[in-house]
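So you can see what is in the structure, the chains are spelled out below.
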Amino acid sequence: MGAFVRWIQKAMMSKKARCPEEEHWLELVRLMLDGQTTEEETSYVIKHINGCYRCYDNYDLEKEIRAALKKKSINLKVSDALISEINSKVKA
Amino acid sequence: MDKSTSRYNDIEKSDIFNNEFMVHVDALYNFAYKLTQDEDESKDLLQDTCMKAFRFINSFERGTNAKAWLFRILKNSFINDYRKKSKNPGMVDYQEVETFYNSEGNEIETQPTPDLRSETVKGMLGDEITNALNSMDVDFRTVIILCDLEDFKYDEMSKILDIPIGTVRSRLHRARNILKQKLAIYAASMGYK
C-alpha cells in the first residue's frame, strides 16, 4: 500500500503533473508565508495548494528552506569587550 | 546638531541608546557579518552604526521601530563605506542588479533547476545552507536575511533598503529562486536524494 501511494505521488510529481501556473502560485505561497496576504487571499492559496501536488510540494519546500535558514545560520553574540568599546566611544 | 533642534537631553539620549538600541546589538552584528563576511569588518561596521545612531539620535522618534532604524543605518554605512573598499570585486550596486534581473532571458532564471525536496533541505548541514546564502549577490542575500532571518515585514524592508514595496516583493521572489537553485545544484552534486 505504501509503495502504491509513493508511486502515485511520484507520478503526480512528474513533469506531466506540473502546475500550469506554478510560478504564479509560488509567488502567492511566498507572500502568504511572509504574512503579506489577507485572510481571503490566504484561503484562496490554501484551497489551491490542497488540490495541487506540485504547489503543495513547493509550499512544503519553501517552509523547509525558511526553517533551515533560521535554524542553521550562524548566530553570533557580541562580546562584552566589544560592547564596552562601543559604550566608551559613544560616551567619549 | 543645533541645540535648539535637540529633541532629547543627555539622560534621555543615554536611556534610548541603552534600552532601545543596544538590545538589537546581536542582530546588528549578525547582519553586519552576513553582509561583509568578515569578522573584523563586521565589528567595525557595528561600531560605526552605533556611533552614527547616537550622533543622529534626535532624528529617532522614541517608541518607533528602533531595530528597522538601526538596520537602515547599518545598510547605508555598508553601501557607502564598506562596499567601496570591499575585498570582493564582484559586487555591483542595487540598480545594476535590478536592471539585470529585470532584463529578459537572464541566465540564472532560465536555467533548468534540478528538483529539490524538503527532506533534502532538512538533511543539509548548516555550512551547506550558509555557503549557498553567502554565494549569492549581496543585494539578494540582504532581502533574504532581512525577511527570513530577521522577520522584517515588507514595509519595514522597504524603508531599510530605500526601495518601493513592489521592488521588495520582486527582489525577494528572485532571491528565493536563486537560493533554491543553488541548494538544488549543491544537493545534486552531493548526491542527496
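Here the residue numbering is sequential within each chain, running from 1 through the sequence in written order. As they are written, the chains are lettered A onward and the ligands numbered 1 onward, keeping that order. At least 70 in pLDDT is required for a residue's local features to be given in this predicted model, at least 80 for side-chain atom pairs to be given and counted, and no such filter applies to totals for whole chains, interfaces and linings, which use all residues.

Asks: Is there a simple way to think about the overall build of chain B in this case?
Replies: Within chain B, the regular secondary structure consists of eleven helices and zero strands. We count a stretch as a helix when DSSP gives it H or I for four or more residues in a row; a strand needs E for two or more, and each element gets its number in order from the N terminus. The N-to-C order of helical and strand elements in chain B reads α-α-α-α-α-α-α-α-α-α-α. Across the 193 residues of chain B, 34% fall into the buried class. Note that contacts rest on C-beta atoms placed from the backbone: two residues are in contact if these are within 7 Å. Pairs at least 24 apart in sequence give 73% of the contacts found in chain B among residues at least 6 apart. Here the C-beta atoms are placed from the backbone, and a residue counts as buried if at least 20 other C-beta atoms lie within 10 Å of its own, exposed if 12 or fewer do, and partly exposed otherwise.

Asks: I tried to follow the packing of helix α2 (residues 25-36) of chain B against helix α3 (residues 39-55) of chain B on my own but got confused; where do I start?
Replies: Helix-helix packing: each pair is described by the crossing angle between the helix axes and the interaxial distance. Residue and element names in this part refer to chain B. Here, axes are lines fitted to C-alpha atoms. For helices the fit covers the stretch in contact, and angles between N-to-C directions go from 0 to 180 degrees. It is at 8 Å that the axes of α2 and α3 come closest, and there the two elements cross at 130°. The orientation of α2 relative to α3 falls into the category oblique. Taken as a pair, α2 and α3 cross one another with a handedness that is right-handed. Taking contact as the criterion, the partners of Leu28, Tyr29, Ala32, Tyr33 and Thr36 in α2 are, on α3, Glu39, Glu41, Ser42, Leu45, Leu46 and Thr49. Gly falls in the polar group here, along with every residue not listed as nonpolar (Ala, Val, Leu, Ile, Met, Phe, Trp, Tyr, Cys, Pro) or charged (Asp, Glu, Lys, Arg). When grouped by side-chain class, the residues that make up the contact of α2 with α3 number six nonpolar, three polar and two charged. Angle categories: roughly parallel below 35 degrees, roughly antiparallel above 145, roughly perpendicular from 65 to 115, and oblique for all the rest. Left-handed describes a crossing whose near helix is turned anticlockwise from the far helix through less than a right angle; right-handed describes the clockwise counterpart.

Asks: What exactly am I supposed to notice about the nonpolar core here?
Replies: Note on soluble globular proteins: their nonpolar side chains tend to be buried together. We define the nonpolar core as any set of buried residues of the types Ala, Val, Leu, Ile, Met, Phe, Trp, Tyr and Cys, connected via C-beta atoms lying within 7 Å of each other. Counting 54 residues, the largest nonpolar core has Ala32, Leu70, Leu74, Val143, Ile144 and Met157 of chain B as the members making the most contacts within it. For this core, the element with the most residues is helix α11 (residues 165-189) of chain B, which contributes eight residues. A domain assignment, automatic or from a database, supplies the domain bounds used here. Two domains each put at least three residues into this core: domain 1 (3-82) and domain 2 (94-189) of chain B. Core analysis: the second largest hydrophobic core is formed by nine residues, Trp25, Val29, Val45 and Tyr59 of chain A among them.

Asks: Can you help me understand the domain arrangement of chain B in this one?
Replies: Put simply, an interface is often sized by how much accessible area is lost when its parts join up. Residues and elements named next belong to chain B. In terms of domain boundaries, chain B breaks down into domain 1 (3-82) and domain 2 (94-189). For the side of domain 1 that touches domain 2, the secondary structure elements donating two or more residues are α2 and α4 (66-82). Split into classes, the residues belonging to the side of domain 1 that touches domain 2 amount to five nonpolar, two polar and three charged.

Asks: Teacher, can you tell me more about the interface of chain A and chain B here?
Replies: On the chain B side, the residues contacting the 25 residues of chain A number 28 residues. Examining the composition of the side of chain A that touches chain B, we find that nine residues originate from one element, helix α4 (residues 53-72) of chain A, more than from any other. Here the residues of the side of chain A that touches chain B sort into eleven nonpolar, four polar and ten charged.

Asks: Looking at this structure, I do not really get unusual backbone geometry. What am I missing?
Replies: Glycine aside, negative phi is the norm for most residues, and most peptide bonds take the trans geometry. All names here are of chain B. Here Gln37, not a glycine, exhibits a phi torsion of approximately 60°, which is positive. Tracing the backbone shows Gln37 in the loop between α2 and α3. Overall, the presence of 16 C-beta atoms within 10 Å leaves Gln37 in the partly exposed class. For Asp162, which is not glycine, the phi dihedral falls at a positive 60°. Tracing the sequence through the fold places Asp162 in the loop between α10 (154-161) and α11. Asp162 gets classed as exposed once you count the C-beta atoms within 10 Å, which come to 12.

Asks: How should the confidence of the model for chain B be read in this particular structure?
Replies: Here chain B averages 85 in pLDDT, and 81% of its residues register 70 or above. Interface confidence for the predicted complex, expressed as ipTM, amounts to 0.80; the pTM equals 0.83. As a per-residue measure, pLDDT tells how confident the predictor is, with possible values from 0 to 100.

Asks: I would appreciate a short explanation of the packing of helix α2 (residues 22-33) of chain A against helix α3 (residues 39-51) of chain A in the present structure.
Replies: All names here are of chain A. Between α2 and α3, whose axes approach to 10 Å, the crossing angle comes to 130°. Compared by their axis directions, α2 and α3 come out oblique. For α2 against α3, the interelement crossing comes out left-handed. Residues Trp25, Leu28, Val29 and Met32 of α2 form the contact with α3, whose participating residues are Thr42, Val45, His48 and Ile49. Its residues assigned to classes, the contact of α2 with α3 shows six nonpolar, two polar and no charged.

Asks: Just to check I follow, could you spell out α4 of chain B for this structure?
Replies: One turn of an α-helix holds 3.6 residues; hence residues three or four places apart share an orientation. All names here are of chain B. The first and last C-alpha atoms of α4 sit 23 Å apart over 17 residues, in line with the 24 Å expected at 1.5 Å per residue. Listing the buried residues of α4 in full gives Ala66, Trp69, Leu70, Phe71, Ile73, Leu74, Lys75, Ser77 and Phe78. Elements that come into contact with the buried residues of α4 comprise α1 (10-21), α2, α3 and α10. Each residue after the first adds 1.5 Å to the expected span of a helix.

Asks: I tried to follow the environment of Gly63 of chain B on my own but got confused; where do I start?
Replies: Residue and element names in this part refer to chain B. Relative to the helices and strands, Gly63 resides in the loop between α3 and α4. On the neighbour-count criterion, Gly63 (8 C-beta atoms within 10 Å) is exposed. On a C-alpha basis, the gap between Gly63 and Glu20 in space is 8.3 Å, while along the polypeptide they are 43 residues apart.

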